[in-house]
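Structural features, examined
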Amino acid sequence: PLPRAYTATYYEDDARSFTALLHHLITGPAHLVGFSDGGEVELLMAALTPGLARSVVAWGAGGALTEEILPAVEALANIVDDPIPPMQPFREYLVAAYGEANARTTIQHFTGAARAIIEGGGNISLSRAGNISCPVLLLVGEHDSIVSPPLVSNLASRIPNSESVVVEGAGHGVHEDRPGWLVETVLGWLEKH
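Calculation rules
Residues numbered from 1 in each chain as written. Predicted model: local features only at pLDDT ≥ 70, side-chain atom pairs only at ≥ 80, totals over all residues. Heavy atoms only, no water. Helix = DSSP H or I, 4+ residues; strand = E, 2+ residues; numbered from the N terminus. Buried < 20%, exposed > 50% of the residue type's maximum accessible area, 1.4 Å probe, protein only. Lys, Arg positive; Asp, Glu negative; His and termini not counted. Salt bridge = Lys/Arg side-chain N within 4 Å of Asp/Glu carboxyl O. Contact = heavy atoms within 4.5 Å. Phe/Tyr/Trp six-rings, centres within 6.5 Å; stacked < 30°, edge-to-face > 60°. Lys NZ or Arg CZ within 6 Å of the ring centre and 35° of its normal.

This brings us to the side chain of Glu42. Considering the arrangement of structural elements, one finds Glu42 in helix H2 (residues 37–48). Buried charged residue Glu42 carries no salt bridge. Nearest counter-charge: Arg54, at 14 Å. Those residues in contact with Glu42, other than ones at most four positions away along the chain, are Leu32, Val33, Gly34, Val56, Val57 and Ala58.

Here the focus is the pattern of salt bridges. Using the criterion set out here, one finds seven salt bridges in the structure. Note that Arg128 and Glu12 form a salt bridge whose closest N and O atoms lie 3.0 Å from each other. Of this pair, Arg128 sits in the loop between helix H5 (100–119) and strand S3 (136–141) while Glu12 sits in helix H1 (residues 10–25), and the two are 116 residues apart along the sequence. The exposure class of Arg128 is partly exposed, given its relative accessible area of 25%. One salt-bridge network, in which partners are shared between bridges, spans Asp81, Arg91, Glu100 and Arg104.

Along helix H3 (residues 70–77), the residues that are buried comprise Val73, Ala75, Leu76 and Ala77. Taken together, the buried residues of H3 touch helix H4 (88–98) and H5.

Now for the packing of aromatic side chains. Following the criterion strictly, the structure yields seven aromatic pairs and no others. Look at Tyr10 and Phe110: their rings are 6.0 Å apart centre to centre, the planes differ by 65 degrees, and that puts the pair in the edge-to-face class. With Tyr10 in helix H1 and Phe110 in helix H5, the pair connects residues that are 100 residues apart, well separated along the chain. Overall, Phe110 belongs to the buried group, its relative accessible area being 17%. One aromatic cluster is present, formed by Tyr6, Tyr10, Tyr11 and Phe110 through successive ring pairs. One cation-aromatic arrangement involves Arg4 over Tyr6; the distance from NZ or CZ to the ring centre is 4.3 Å.

Without other data, these values stay purely geometric and don't point to any function.
Here it is in structure tokens:
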């Protein structure tokens, strides 16, 4: 429902909701592919419900929110009313998709939840990463300003059957910066798993 009221537990809440939906839609394990928050949610799904995922592919997800992203969180908090120039396209998307009032309220709740997660230690799935038993491919843009390559490497080191790849020349949106490479890499990896 809009506006969305994000809480500090929204990643786990979403993981449980999507797990229930997946159980409703299919009977066996699935390949999970996601970006940013979607990647964080699918990592939690795999950690909380062993056997749910055949594999996980995520980019822009590192299992935690760190204090380094607080400036980005603050910039996002003001995106509807006072966007910095690089965020103008995202502002336009949010307002077109949700309406100005819903976008403003949703972003305020989201940034409040992000601050609360960071203040609580930042953990999303990092502490549960060892519970993920399926193969995992973690991708991170070389210039990702939200999720750093060292954070992703740390997460990968905690997942028994995982690998991480730093994507040259890409930022947070690997799918926007290197779309052909991403499709080829993900399809090739899924064929092997």
